Amino acid sequence: LAKTTQPISMDSYEGQEVNITCSHNNIATNDYITWYQQFPSQGPRFIIQGYKTKVTNEVASLFIPADRKSSTLSLPRVSLSDTAVYYCLVGPISSGSARQLTFGSGTQLTVLP
Amino acid sequence: SQTIHQWPATLVQPVGSPLSLECTVEGTSNPNLYWYRQAAGRGLQLLFYSVGIGQISSEVPQNLSASRPQDRQFILSSKKLLLSDSGFYLCAWSLRTGGWNEQFFGPGTRLTVL
């Protein structure tokens, strides 16, 4: 199983770019990296997913170095509404046992005015 | 579009009482279904998943059970609740062909066992 490690918490100010790093040293060849966002008393919401290099969508960017042992979620110009817990998830995208999925401990991002 | 429903939203139950949480998905067929539990301030713990009607896989041995009587219905049950069963219960679904990473979560049920 690919264990993930994330910072417990991060603070930022409105308008800044925020980078949250996740370590996954024993990631498997067929594992993808997925990030979720969770607000209090709500279910997590899918943000972005990638395998290598860089992926960008309308919400965030995901940077994955060549060795794939870490990944960085980048949120451009955060606002107060981006305050949430962000989870890093590593697992295969093809069908298989769900037990291969590993949710990180999550990073509490607090955006300050 | 697809939607996922969970009920009830909140529940307070005494120790030793039974439990039944229901989850239904609309707008998709043959989804993979999941039950997670989240303790206060903690990450998500996968409890059960299902790839089809009547097919249930358990991740953590405990006094909970799951059933899938219909394609888009997933039920979490217990015969006798423990204090440690308190938490935030989340149901999720994913496309059968989309793999296990792309999961869509319901609004959750907050369970308090007293």
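Presented here is an overview of the structure given in this document. (Residues numbered from 1 in each chain as written. Chains lettered and ligands numbered in written order. Predicted model: local features only at pLDDT ≥ 70, side-chain atom pairs only at ≥ 80, totals over all residues. Heavy atoms only, no water.)

**Overview of the overall build of chain B**
Part 1 of the argument: Each helix and strand in chain B was counted, giving zero helices and eleven strands.
Part 2 of the argument: Along its sequence from the N terminus, chain B presents helices and strands in the succession β-β-β-β-β-β-β-β-β-β-β.
Part 3 of the argument: The C-alpha radius of gyration computed for chain B amounts to 13 Å, which stays within 12% of the reference 13 Å derived for 114 residues, consistent with globular compactness.
Part 4 of the argument: Burial status across chain B gives 49% buried among its 114 residues.
Part 5 of the argument: For chain B, the computed accessible surface area is about 5,200 Å², with 54% contributed by carbon and sulfur atoms.
Part 6 of the argument: Positive and negative charge centroids in chain B, built from 8 and 6 side chains respectively, lie 8 Å apart. (Helix = DSSP H or I, 4+ residues; strand = E, 2+ residues; numbered from the N terminus. Rg over C-alpha atoms; globule rule 2.2 N^0.38 Å. Buried < 20%, exposed > 50% of the residue type's maximum accessible area, 1.4 Å probe, protein only. Areas by Shrake-Rupley, 256 points an atom, 1.4 Å probe, with all protein chains shown as cover. Lys, Arg positive; Asp, Glu negative; His and termini not counted. Charge placed at Lys NZ, Arg CZ, Asp CG, Glu CD.)

**Some thoughts on the overall build of chain A**
Part 1 of the argument: Along the backbone of chain A there are zero helices and ten strands.
Part 2 of the argument: Scanning chain A from its N terminus toward the C terminus, one meets helices and strands in the order β-β-β-β-β-β-β-β-β-β.
Part 3 of the argument: Taking the contacts inside chain A whose residues are at least 6 apart along the sequence as the reference set, 57% of them involve residues at least 24 apart.
Part 4 of the argument: Taken as a whole, chain A presents about 5,600 Å² of accessible surface, with 52% of it coming from carbon and sulfur. (Contact = heavy atoms within 4.5 Å.)

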